[in-house]
Structure formats: C-alpha cells, structure tokens
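# Summary of the model geometry
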Amino acid sequence: MRTLVCGGAGYIGSHMARLLAAQGHEVVVLDDLSSGHAQAVQWGRLVEADVLHPPSLEEAFAGQRFDAVFHFCARSLVAESVARPYDYYATNVVGTLNLLEAMRRHEVRRLVFSSSASVFGQPATGMVDEDHPTQPINPYGASKLMVERILADAATAYGLDSVALRYFNAAGATADARIGESHACETHLIPNVLRSVLGDRLALKVFGGDYPTPDGTCIRDYVHVEDLAQAHLLALDYLGAHPGAHAFNLGNGRGFSVREVIAAASAVTGRAVPWEMAPRRAGDPAVLVASSRRAKAELGWSPTWTDLEAIIESAWRWHRAQPW
Ligand SMILES: NC(=O)c1ccc[n+]([C@@H]2O[C@H](COP(=O)([O-])OP(=O)(O)OC[C@H]3O[C@@H](n4cnc5c(N)ncnc54)[C@H](O)[C@@H]3O)[C@@H](O)[C@H]2O)c1
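Residues numbered from 1 in each chain as written. Predicted model: local features only at pLDDT ≥ 70, side-chain atom pairs only at ≥ 80, totals over all residues. Heavy atoms only, no water.

## Here's the deal with the sheet that holds strand 1 (residues 2–6)
What counts is decided by this rule: Whether two strands pair depends on DSSP finding at least two bridges between them. Each helix corresponds to a stretch of at least 4 residues labelled H or I by DSSP, and each strand to a stretch of at least 2 residues labelled E; elements are numbered beginning at the N terminus. Here the axes come from fitting lines to C-alpha atoms, over the contacting stretch only for helices, and the angles between their N-to-C directions go from 0 to 180 degrees. Pairs of residues are marked as contacts when any of their non-hydrogen atoms sit within 4.5 Å.
In spatial order, the strands read 3-2-1-4-5-7-11; together these seven strands make up an open sheet with parallel pairing. Edge positions in the open sheet fall to strand 3 (45–48) and strand 11 (245–250), since each of these has one partner strand only. Averaged over all pairs of adjacent strands, the angle between their axes in this sheet comes to 20°, without regard to strand direction. Bridging between strand 1 and strand 4 (residues 68–71) involves four bridges; their strand directions are parallel. Along strand 4, the bridge assignment pairs Thr3 with Ala68. Each of strand 1, strand 4 and strand 5 (110–116) is contacted by helix 4 (residues 85–105), which is oriented at about 175° to strand 4, the strand it contacts most.

## What to know about the layout of surface pockets
Spelled out, the test is: The rule is simple: put a 1 Å grid over the protein atoms alone, call a set of points where a 1.4 Å probe fits but cannot get out a cavity, call an open set with protein on both sides within 12 Å along at least five of seven lines a pocket, and count a residue as lining if it has an atom within 4 Å of a point. Grid points are joined across faces, edges and corners, and a volume is the space filled by probe spheres set on the points. The residue classification treats Ala, Val, Leu, Ile, Met, Phe, Trp, Tyr, Cys and Pro as nonpolar and Asp, Glu, Lys and Arg as charged. All others, Gly included, are polar.
Counted as a void, the second largest pocket has a volume near 170 Å³. Every residue lining the second largest pocket is listed: Leu97, Leu100, Glu101, Met103, Arg104, Glu107, Val108, Arg109, Ile150, Ala154, Tyr158 and Leu160. Elements represented by at least two residues in the lining of the second largest pocket include exactly helix 4 and helix 5 (139–158). Per-element accounting of the lining of the second largest pocket gives the leading share, five residues, to helix 4. In the lining of the second largest pocket, the residues fall into eight nonpolar, no polar and four charged.

## Quick word on the site of the ligand
Going by this rule: Proximity criterion: a residue is near a molecule or strand once any of its heavy atoms comes within 4 Å of it. Contacts described as polar in this section are N or O atom pairs within 3.5 Å, which, within protein, must combine one atom able to donate a hydrogen with one able to accept it, while residues neighboring in sequence count only if both atoms come from side chains. Only the protein chains shown count as cover for residues, and the accessible areas themselves come from Shrake-Rupley with a 1.4 Å probe.
Every one of the 29 residues lining the ligand counts as a neighbour, but Asp31, Ser35, Tyr140, Lys144 and His183 are closest to it. Here a nitrogen atom of the ligand and a side-chain polar atom of Asp50 are 2.8 Å apart. Considering the ligand on its own, with 830 Å² of exposed area, one finds that the protein chains cover 95% of that surface. Of all the secondary structure elements, the ones that give two or more residues to the shell around the ligand are helix 1 (11–22), strand 5 and helix 5. Examining the composition of the shell around the ligand, we find that three residues originate from one element, strand 5, more than from any other. Considering only residue class, the shell around the ligand consists of 13 nonpolar, 12 polar and four charged.

## As for unusual backbone geometry
Filter applied, for reference: Accessible area is worked out with a 1.4 Å probe on protein chains only. A residue is then buried under 20% of its type maximum, exposed over 50%, and partly exposed in between.
Of note, the phi angle at Glu107 is positive, near 55°, even though the residue is not glycine. Tracing the sequence through the fold places Glu107 in the loop between helix 4 and strand 5. Positive phi values are uncommon outside glycine, yet Ala177 reaches one of about 60°. Locating Ala177 in the fold gives a position in the loop between strand 8 (169–171) and helix 6 (189–198). Among the residues examined, Ala177 registers a relative accessible area of 12% and is labelled buried.

## Topic: empty space enclosed by the protein
A full pass over the atoms with the stated rule returns three cavities of 30 Å³ or more. Its volume calculated, the largest cavity comes out at about 50 Å³. Lining the largest cavity, in full, are Tyr11, Ala170, Ala171, Gly172, Ala173, Gly180, Glu181, Ile190, Pro191, Ala315, Trp318 and His319. Taken together, the elements giving at least two residues each to the lining of the largest cavity come down to strand 8, helix 6 and helix 10 (308–321). Considering every element that reaches the lining of the largest cavity, the biggest residue donor is helix 10, with three residues. A breakdown of the residues in the lining of the largest cavity according to their chemical character gives eight nonpolar, three polar and one charged.

## As for the environment of Thr174
Looking at where Thr174 falls in the secondary structure, it is placed in the loop between strand 8 and helix 6. The exposure class of Thr174 is buried, given its relative accessible area of 1%. When the C-alpha positions of Thr174 and Arg65 are compared, they lie 30 Å apart, and in sequence the two are 109 residues distant. The residues contacting Thr174, other than those within four sequence positions of it, are His15, Arg18, Ile179 and Glu226. A polar contact is formed between the side chain of Thr174 and the side chain of Asp176, at a distance of 3.0 Å. In terms of polar contacts, Thr174 uses its side chain to reach the backbone carbonyl oxygen of Ile179, at 3.5 Å.

## A closer look at the packing of helix 4 against helix 5
To be explicit about the condition: Between 65 and 115 degrees an angle is taken as roughly perpendicular, under 35 as roughly parallel, over 145 as roughly antiparallel, and anywhere else as oblique. Rotating anticlockwise by less than a right angle from the far helix to the near helix defines a left-handed crossing, while the corresponding clockwise rotation defines a right-handed one.
Contact geometry of helix 4 with helix 5 gives a least axis separation of 9 Å together with a crossing angle of 20°. Here helix 5 runs roughly parallel to helix 4, going by the angle between their axes. Remark: the crossing between helix 4 and helix 5 carries right-handed chirality. Listed contacts from helix 5 to Pro85, Tyr88, Tyr89, Asn92, Val93, Thr96, Leu97, Leu100 and Arg104 of helix 4 are Pro139, Tyr140, Ala142, Ser143, Met146, Val147, Ile150, Leu151 and Tyr158.

In short, the description is geometric, and any link to function would need to be established separately.
Next comes the structure, spelled out in structure tokens:
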C-alpha cells in the first residue's frame, strides 16, 4: 500500500509511519512541523504542508494514488483550546475538511482518524465504552466529535470509509529510543514525571489529592503508542469488510493513579521524583478508563504493553537519550 500519514512528524504519527514501513508499506508524511519534528520522519518522505492550505494539500496528493490516509494532525492542548477556540476549530475541523476534500477529489476512500477520550467530557462511569454519551466539555473535545460527525456524513455522501480511534492517554516510546514523545508544551503526565526526574522542569505539580479514589489522586488509562499504531492497521483491515464510519475506544482497560505513576517512575529510574501537591484543575474527572471491549471483539486488538513500569521504562529510555 501507499499510505499518507498526516501529522507523521508528531509523537503517535511517527510510530505509525515506522510500523507501516516495517510492514512493507510505502509512507508519505504530511506535516507542517508546528508541533512535530523533521527528525521524527525516519520512515518515508516528508512533505511539508499545512492542512489549512488547500493548494499545498493538492500538491501532496497530485501525481500519486494513496490507498489510505492516517490523520494525526491536530492542535491538542485542552487549556489552549479554551483560550483560543477558533484556532482549534480551524486546524482540527476545517483542516480535516480540507484533507477530506482532497481525498474525495483524488478518490482515496479509507481513513483512520485520531479521535480522543475527550469526546466523552465528564464520564458518568469509570469504564467508558462506546455507548457512553458524548458530551465534550472543551473546544478540543468538541472539535474531535465534530470530525466524527463529519466522517459519518462523508461515509453516506461520498462513500468514504473511516474509523475514528478514541485514544485515552498515549504513552511510551519505541524500544530503541529512536523516536518518542517530544512536545514543546508538554501536558502529559508520564513525560512530565520523567522530565522532573531529569531536572528539565520544575517539580511536577499533582493537581488534586482529594478525589474519591483510593489514594486521592486522579486515575487514568495509559496505552502504549506501539499498541495504538497496531490498532490503526487493524482498523484499516476492518474497513475492507465493514464500509461506513466507525468509532472505537482504545485504552489498556486498567487505570493508574498519579501517585502510582510517580511510584512506578521512581522504581524504573531509581531516582526520586520531585513533585508537589497543587489544587484540582477544573474539568478533570476523577477516573477515566477505557473499555476497549469493542475494539478487542471487532478489530481483534489487544494491548500488548499492559505493565505500567514497562511502559514508563520505554519512555525513560527515550527521555534519557532524547536527541531532539
Ligand atoms: N497523545 C495523546 O495522548 C493523545 C490522546 C488522544 C488523542 N490524541 C490525538 O492524536 C493525534 C496525535 O497526537 P500526538 O500526541 O502525536 O500529537 P503531536 O502534536 O505530536 O502530533 C501532531 C502532528 O500534527 C502536525 N500538525 C499540526 N497542525 C498541522 C497542520 N495545520 N498541518 C499539518 N500538520 C499539522 C504537527 O506538526 C505534529 O507533527 C492528535 O490528533 C491528538 O489530538 C492524542
């Protein structure tokens, strides 16, 4: 297959490009490098293009026929989305529409889209499955849900087949530490814990120690980035026999508290994690854990990285080596 990985210079997209290349597929990465890194594009050719600029998309599609598109490009900072909603709706919704229109014009009919647990908003239950109501509480989550709706309409109108994968918390890196998570503005817990250990940032802030959880800190579901990439390949296979627009939740199905992550990071690194307690942040649910039962049953997906320390260890190798 010839595949287009939009956002393939980013964290999850670069792991996707690697897996596709390892499976013998041709990879073209489309990215504007706004939050990604040219150094992460090690498998396939980089086309520098902005999804908000249709002529550059047209150039990327011209003269070659893609069998499938994997769409990772987005702005993904929740707090920033509240402060600058237009930017989020532009990149995440209008940018996706531009991409879909380029796909329609060039007759590319299969897409796997990076959605997010944020489409659920404040979950009413601990284990969130696909039947849980979608009620995003910030523009970031709303933008992802809007795209899911657009994909449903695109399936009906244009025969575009798609799978939206709602990741919970992506984590970890490849075993050889060639690529990993590197965000200029990092909001994710595991990289921030490891950066605290390395002294790259001030002491980690733990937002809230009075949640109704066993140790009072928030519980989240961490799914390894390689397991996520694998789910994309299975999702693409699934479309062969299941036309239409589909959505699946992807997580490990097991939650870990912030304190458990800190303890695991300390065990992995052999060092103390500098951290301090801070007040709760508005909008943080106490527990957010995926039920991936549907992805298991229908895609045949099962996370292989189930051990928290192993996930953190893979991230630690990357953070210690991080060349960029
Ligand atoms: N990391 C997570 O835990 C997580 C969880 C749920 C959902 N997601 C979603 O998964 C996707 C990938 O996340 P990530 O952590 O790898 O993010 P990332 O920021 O590392 O990667 C996104 C890539 O998209 C590119 N990009 C952004 N705007 C662009 C534009 N206008 N034109 C072209 N390229 C553009 C960036 O340069 C970057 O390389 C995003 O859609 C994100 O919302 C991530």
